[in-house]
There are 2 protein chains.
Amino acid sequence: MSTPKSNWTTDPAPLLRVGEGFRLDEVDTRSTPGYDGDKKSGKKDLAALSDELNDLQERLFAAHHDDETGPAVLLVLQAMDTAGKGGIVRHVVGAVDPQGVELAAFKKPSKEELAHDFLWRIRPRVPGPGMIGVFDRSHYEDVLIGKVRELAEPEEIERRYEAINDFEAELAEAGVRIVKVMLDISPDEQKDRLAERLDRPDKYWKYNPGDVDERLLWPDYMKAYQTVFERTSTEAAPWFVVPADRKWYARLAVQRLLLDALHDIDPQWPAADFDIEVEKKRLAET
Amino acid sequence: MSTPKSNWTTDPAPLLRVGEGFRLDEVDTRSTPGYDGDKKSGKKDLAALSDELNDLQERLFAAHHDDETGPAVLLVLQAMDTAGKGGIVRHVVGAVDPQGVELAAFKKPSKEELAHDFLWRIRPRVPGPGMIGVFDRSHYEDVLIGKVRELAEPEEIERRYEAINDFEAELAEAGVRIVKVMLDISPDEQKDRLAERLDRPDKYWKYNPGDVDERLLWPDYMKAYQTVFERTSTEAAPWFVVPADRKWYARLAVQRLLLDALHDIDPQWPAADFDIEVEKKRLAET
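Notes on the structure in this doc start here. (Residues numbered from 1 in each chain as written. Chains lettered and ligands numbered in written order. Predicted model: local features only at pLDDT ≥ 70, side-chain atom pairs only at ≥ 80, totals over all residues. Heavy atoms only, no water.)

All names here are of chain B. Reading across the sheet, the 5 strands line up as β2-β3-β1-β4-β5 and stay open at both edges, with parallel pairing between neighbours. Every interior strand has two partners, whereas the edge strands, β2 (101-105) and β5 (239-243), have only one. The mean inter-strand angle of the sheet, taken between neighbouring strand axes irrespective of direction, is 20°. Taken together, the 8 bridges between strand β1 (residues 72-79) and strand β4 (residues 176-184) define a ladder with parallel strand orientation. Across the sheet, Gln78 pairs through a bridge with Met182, a residue of β4. Packed onto the sheet, helix α6 (residues 154-173) meets β1 and β4 and runs at close to 130° relative to β4. (Pairing = 2+ DSSP bridges. Helix = DSSP H or I, 4+ residues; strand = E, 2+ residues; numbered from the N terminus. Axes fitted to C-alpha atoms, helices over the stretch in contact; angles between N-to-C directions. Contact = heavy atoms within 4.5 Å.)

Next comes the structure, spelled out in structure tokens:
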């Protein structure tokens, strides 16, 4: 299945990937790297490329979901509130068969979770072979809010970067393609989105007074993200910073990153593990 | 949100519902009860009514997902192989936000599961408040294959019907709307679908030689289903038998049953649990 014509001018992955010398504060949150189009074309391209995503997801599932170990995709989503994590899950991941998707939303840790190492609650949610997993927030909370709010000692925060790299290297070794995405919005865009939630009765439920408290710590969070990128954007599990003031672009870009991961795996329809002619005969006799 | 114009002539629920004197062998598996249209209009209506399903699902989630107890929907899917359970999950349930859906596929029980009561593995998979749950196969396997293949003593099978009714009554009491669907295909239709799986390399993975073994026991399975309907179609958790030789009809019908369950709950956007004016002011000051 070849990629249909779209308004992508180039694969955005190299443009979005966090490499040497990356500076979060230099990202233009309204930009659309690699894409020459607007909201309207973006919606069309998202739908068109969903077919390709679907095809690849089904192949991945078909080839590996019964295996003990094997390839999987893990999309890690991190962002400030209102940046559009939910929309990615809804409109990008939601376009493929839910039977091949494992979602995990990590909230404030429970008492039991806090009594264990920070990766304890993460490990069981890693997608199994053949699956696309999505972490809506993740172990990175423990070096983001964990650092900004001083929920752990500085030495423990330090330790966690290495623990994360070891953990992710281990997953990559086992065949999990890790796609780490930070949806990058501007404080102004967040203000508009929070204001909308306060204006619409069908959006009140998405508003939490704590969102404003976190918003006041914006510069601290950006610093914590910068450190995360410097310490944990590895060959095995690189970070991608996706400009997200334009929701339609962020969705397109994450879709492309998932397509890249799946093309990389290049899953093939599995051969029959039975004798086709024998089975045709058995079936005909029924 | 009012239901858009469609080719439904009447709510199919009363036509599909298993009541007094129901006979499975009298169902026309190619019929389309309550629907005056064809595959083409069916596809269009499915898409149009998906918007309504989406809206209701989001309200349900918004109103209740943070509650300790509260309303949920549980769709139980049972059928012979190839009847289209996967297609329901993909095309009906797959149209709503995956963040509001909890899927559980019950396979052959593990050793550990067999060491417990048959409901042991089911209970933890009941959808939480605000969620739409789907059981792809279910506790009914234990009175279907369990009976046909004599995997338990007859007294134990007998006991299970009552245990199921008690379990489901308990769920209904807690606010779970249970929609039990048997997708009803003919043996001839199954033969065609299995043959297709043997003809297409992209379908081999869906074929299992065991499917033919089960197929040979068709009359026994139909008898077991008839008994299930007689013993477990209750006021709190009725069965619906959906003619499924036409996949497009089965999808439309299950969508309508889900819509009915959601309309019944009639979820409303929750009121703000904060002071809107105070929050507007706090936000403005940031």
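Glancing now at empty space enclosed by the protein. In total, this model carries 2 cavities of 30 Å³ or more according to the counting rule given. Reported here for the largest cavity is a volume of approximately 60 Å³. Taken together, Val93(A), Gly94(A), Val96(A), Pro98(A), Val101(A), Val93(B), Gly94(B), Val96(B), Pro98(B) and Val101(B) make up the full set of residues lining the largest cavity. Here the lining of the largest cavity is built from residues that sort into 8 nonpolar, 2 polar and no charged. Empty space within the second largest cavity amounts to approximately 40 Å³. Every residue along the wall of the second largest cavity is listed here: Ala83(B), Gly84(B), Ile88(B), Leu183(B), Lys247(B), Ala250(B) and Arg251(B). (1 Å grid on protein atoms, 1.4 Å probe; cavity = no way out; pocket = protein on both sides within 12 Å on 5 of 7 lines; lining within 4 Å. Points joined across faces, edges and corners; volume = space filled by probe spheres on them. Nonpolar A, V, L, I, M, F, W, Y, C, P; charged D, E, K, R; others polar.)

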